Amino acid sequence: MGPSVAVPEAGHQARCRIVVEGVVQGVGFRPFVYRLAIAHRLGGAVRNGQHGVLIDAEGDREAIARFLDELQSTAPSLARLRHITVSWTTPHHDGELFRIDTSSGDGEPALFPAPDLAVCASCLAEMGDPGNRRHGYPFLNCTECGPRYTIIQGLPYDRERTSMASFTMCPSCREEYGDVRDRRFHAEPTACPACGPRLALLYAAGRVLEVADPIQEVVVALRAGQIVALKGLGGYHLACDATAPEVVRDLRRRKARDAKPLAVMVGSLDAARRLCVVSSAEADLLQSPARPIVLLERRPPEAGHGVADGVAPRLRHLGLMLPHTPLQHLLIERIDRPLVMTSGNRSDEPIAYEDGDALTRLGGIADLFLAHDRPIEVRCDDSVARCIDGAPLVLRRARGYVPLAISLAHEATEPILACGGELKSVFALVRGREVFLSQHLGDLGDERAYRAWTDAVAHFQRLLELTPHVVAHDLHPGYRSTAYARMLDGVRHVPVQHHHAHIASCLADNGVDARVIGVSWDGTGYGTDGHVWGGEFLLADLDGFERAGSFEEVAMPGGEAAVREPWRMAAVFLQAAYGEAMGELDLAFVRRLDRAAWRLLSRAAERGLNAPPTSSAGRLFDAVASLLGLRDRVDFEAQAAMELEALVESGADRVYPVGLGEDSGKLVVRTRDVIRGVVEDLLAGEEPASIATRFHATLADVIATMCVRIREKTQLGRVALSGGVFQNVRLVETAAAQLERVGFEVLTHHQVPPNDGGLALGQAAVAACLTTARTGA
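What comes next is a walk through the structure. Computed from a prediction, not measured in an experiment: that's the story for all the values here.

**Brief notes about the pairing of strand β17 (residues 391–396)**
So, point 1. Where strand β16 (residues 384–388) lies against β17, five bridges are found, and the strand directions are antiparallel. For A385, the partnering residue across the bridge sits in β17 and is V394.
So, point 2. Two successive antiparallel strands, β16 and β17, enclose a turn made up of two residues, where D389 displays a positive phi of approximately 55°.

**With respect to the pattern of salt bridges**
So, point 1. A complete count under the given rule lists 49 salt bridges for this structure.
So, point 2. Note that E349 and R448 form a salt bridge whose closest N and O atoms lie 3.7 Å from each other. With E349 in the loop between β14 (339–343) and α10 (355–362) and R448 in helix α11 (residues 447–464), this pair connects stretches of sequence that are 99 residues apart.
So, point 3. For E349, a relative accessible area of 18% translates into the label buried.
So, point 4. The class for R448 is partly exposed, based on a relative accessible area of 33%.
So, point 5. For D673, the salt bridge identified is with R676, shortest N-O distance 3.0 Å.

**Let's talk about the packing of aromatic side chains**
So, point 1. Applying the stated criterion to the full structure yields 16 aromatic pairs.
So, point 2. Ring geometry for Y34 against F98: centres 6.2 Å apart, planes inclined by 65°, an arrangement best described as edge-to-face. Of the two residues, Y34 sits in helix α1 (residues 29–39) while F98 sits in the loop between β4 (80–89) and β5 (99–100), which places them 64 residues apart along the sequence. The pair formed by Y34 and F98 is uniform in burial state, with each residue classed as buried.

**Topic: the environment of L42**
So, point 1. Mapped onto the secondary structure, L42 falls in the loop between α1 and β2 (43–49).
So, point 2. On the basis of relative accessibility, which here comes to 5%, the residue L42 falls in the buried class.
So, point 3. Beyond its immediate sequence surroundings of up to four residues, L42 is in contact with A37, A57, E58, G59, A63, I64, F67 and F98.

**Describing a positive patch on the surface**
So, point 1. On the surface, R595, R599, R603 and R607 cluster together to form a positively charged patch.
So, point 2. Mapped onto the secondary structure, R595 falls in helix α17 (residues 595–606).

**Description of the sheet that holds β5**
So, point 1. The five strands lie next to each other as β4-β1-β3-β2-β5, forming an open sheet whose pairing is mixed. Each having just a single partner strand, β4 and β5 make up the two edges of the open sheet.
So, point 2. By the bridge criterion, seven bridges tie β2 to strand β3 (residues 52–60) in an arrangement that is antiparallel. Directly across from N48, in β3, lies its bridge partner V53.
So, point 3. Helix α2 (residues 61–73) contacts β1 (13–23), β3 and β4 of the sheet and is inclined by roughly 150° relative to β3.

**Some remarks on helix α6 (residues 245–255)**
So, point 1. For α6, the complete set of buried residues consists of V247, V248, D250, L251, R252, R254 and K255.
So, point 2. Phi turns positive, to about 60°, at A256, one or two residues after α6.

**Remarks on the sheet that holds strand β23 (residues 492–496)**
So, point 1. Taken in spatial order, the six strands make up an open sheet running β18-β21-β20-β19-β22-β23, and their pairing is mixed. Strands with a single pairing partner mark the edges of an open sheet, and in this sheet they are β18 (405–407) and β23. Between one strand and the next, the sheet's axes are offset by a mean angle of 25°, whatever the strand orientation.
So, point 2. Contacts from helix α12 (residues 480–487) reach β19 (416–418), β22 (470–474) and β23, with the element oriented near 155° to β22.
So, point 3. The strands touched by helix α13 (residues 498–509) are β18, β22 and β23; relative to β23, the strand with the most contacts, the crossing angle is about 95°.

**A few points about helix α19 (residues 639–646)**
So, point 1. For α19, the tally of buried residues reaches seven of eight residues, placing the bulk of the element in the interior.
So, point 2. Every buried residue belonging to α19 is among Q639, A640, A641, E643, L644, E645 and A646, and all of these are buried.
So, point 3. Looking at the buried positions of α19, the neighbouring elements they touch are β16, α15 (566–578), α18 (617–627), α21 (688–714) and α22 (729–741).

**A closer look at the packing of α11 against α12**
So, point 1. For the pair α11 and α12, the least separation of the axes is 11 Å and the interaxial angle reads 45°. In this view, α11 runs oblique relative to α12, as classed from their interaxial angle. α11 and α12 meet at a crossing whose hand is right-handed. Residues E447, Y450, W453, T454 and V457 of α11 touch α12, and the partners they reach there are R480, S481, Y484 and M487.

**Overview of the side chain of R396**
So, point 1. Its place among the elements puts R396 in strand β17.
So, point 2. A polar contact is formed between the side chain of R396 and the backbone oxygen of D382, at a distance of 2.9 Å.
So, point 3. Excluding residues that lie within four positions of it along the chain, R396 makes contacts with I293, S343, D381, D382, S383, V384, H440 and P753.

**Remarks on the packing of α15 against α18**
So, point 1. The contact between α15 and α18 brings their axes to 7 Å, and the two run at 95°. Between α15 and α18, the angle is such that the two are roughly perpendicular. From α15, P566, W567, M569, A570, F573 and L574 reach across to α18, where they touch R619, L620, D622, A623, S626 and L627.
So, point 2. Taken together, the residues of the contact of α15 with α18 break down into nine nonpolar, one polar and two charged.

Cut-off values and rules
- Residues numbered from 1 in each chain as written.
- Predicted model: local features only at pLDDT ≥ 70, side-chain atom pairs only at ≥ 80, totals over all residues.
- Heavy atoms only, no water.
- Pairing = 2+ DSSP bridges.
- Helix = DSSP H or I, 4+ residues; strand = E, 2+ residues; numbered from the N terminus.
- Salt bridge = Lys/Arg side-chain N within 4 Å of Asp/Glu carboxyl O.
- Buried < 20%, exposed > 50% of the residue type's maximum accessible area, 1.4 Å probe, protein only.
- Phe/Tyr/Trp six-rings, centres within 6.5 Å; stacked < 30°, edge-to-face > 60°.
- Contact = heavy atoms within 4.5 Å.
- Patch = residues over 30% accessible without salt bridge, like charges linked within 9 Å, V, L, I, M, F, W, Y side chains within 5 Å.
- Areas by Shrake-Rupley, 256 points an atom, 1.4 Å probe, with all protein chains shown as cover.
- Lys, Arg positive; Asp, Glu negative; His and termini not counted.
- Charge placed at Lys NZ, Arg CZ, Asp CG, Glu CD.
- Axes fitted to C-alpha atoms, helices over the stretch in contact; angles between N-to-C directions.
- Parallel < 35°, antiparallel > 145°, perpendicular 65-115°, else oblique.
- Left-handed = near helix turned anticlockwise from the far one by under 90°.
- Polar contact = N/O pair within 3.5 Å; in protein donor to acceptor, adjacent residues only side chain to side chain.
- Nonpolar A, V, L, I, M, F, W, Y, C, P; charged D, E, K, R; others polar.

Dropping the structure here:
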């Protein structure tokens, strides 16, 4: 935001043109400006423009000074003011009254679209008031809440450029829309039962059910154990009774989602606290305008109050969310029990958001469809977050956060597209200092997901009216996002190594532009040597990186098959630690190992056949989970690591001794020592929970020890933690505490995920730094 503006002292009458940039469209900013101008007896006008909100203000110079101060200090809570520019002109002296003008399309676009916002308390009060004309209406909203991003067709943000354009306001709504005293003053999606969207109840075959109360019919169906597809803000949800084990099993079977945890919606904070431990920070996150799914520690189930074990099998945390739309509030209040509320798709597909496609794709899953006639312009899944050390950490950035911009340290001199990765795909567009990240779009290995990703890239470019001149992408030649980037002609390509992008993302997330020790741990990332990296210690800034250390490399027998089958990594780590003597170990894992299959794989690995070398921390987690008997095969990414984390208890009594070596000046962590420690505990009959706790504490100790060694050579005092492994709350909290005890400043993620959903921000930051360097800016 610009500094406070000095008002000309000469004369009593003054006039100025004010341009306010940031998230100021769709958040009640124009009505706020109008009321503020009237309060200070100013003339002029306010309107939406291509750079944000444009204000012409004329009146007493001291009144204008107060107006400018309050414009910044009392702006609506949902507004995000990025910059204010004021220019002084000659007063008109015509006694004009202040007004709201029609939007201007003049000039180069530089707009900041607003995210969808959870329904506010005032709208909920109206919805619950039998005397109010919007009583029980599932689509009410105002300038403080309701759909934004998912209904926008174009900018500036006006009703005619949203999916509400086809709904003509009735006289009552039109009167509110034009009344400065009403909170629906210029609320673009405003509606009521007389003129707004309506519900429709359909069978899976598409036949409409003519019923007086569709919501009550859905309540009856859910109580009877049926599965219902509900049209939301950014797509369809699949809902069922979360307390009924057989119903949850049926949903998993139909959706082809065997074990991945399902989100649960509860009606209130009290209901959330009956199921989970909820801190004050977690309560704030649950109730924030974004209303994400929040990962919370489960309480022991009480009779009649718990959710089915199948909702999040073998995990310590539940993903809970509160209702964010009026429709969800009406439904959850009537049914008065927790509901599974999961994305409307089959496993790995993008969320269904168009009505016809939803009926086709979800017809074999849902028994009923509760739809409505307000089109969704862009699919947008629910966001997922958790708290670490009392601070929010976004794990999946989508509804409620997108398309809010994140500011960079460097201003890009050219428009940039950052393509992100392959898993948890997110792309970004860069305009100046601002990065606009897309919503989470899934894994690009699925053809539907890839088409959704390319459609979303095109939509974002149209919405922001940006054509990229620079395209940043991952090094991995097999990523579809990389292939897409390389297909684009007439652009400059900026390849960014995967783990450098992770650390750059953490730097950008924290507004830091400095060299740090970057600890980047994940499952898979293409290294500059063509190997699979993932347990990395980097010296990194936005300009580049050096590999200061890593885990020692082992083979990935079978390549990608080793990701799906952790027993392969357990076997290869055992062989690295014990050689041929591994077969003599008195371990349950060795007894169940298919010796013939392992001989074939190990021989192939020795010959370098489909066994790429890897330093991956994620594969070490998989190996330990398999050795502990948790899981030899996984149904979804990081399943074994999540189940290992769920075993961790507070306060490890000791850590495993781990040696450090050197290879061509690079420090190397001897991960085989970690395996030896685990095996010795197993042979001694230690409980899996104790071993999991010591394993996590050992890795935190490895991080601190390595960073101290690197500091001795570099004098660097900051450490950035990034990569999918750092979604693990136990590891992050333990590692950060140890690093701080030995004098480091620790940077972690908050605004974007540490997983591959944050890669695009890092790529964007690196590319922006490069464009600045090229122009000498």
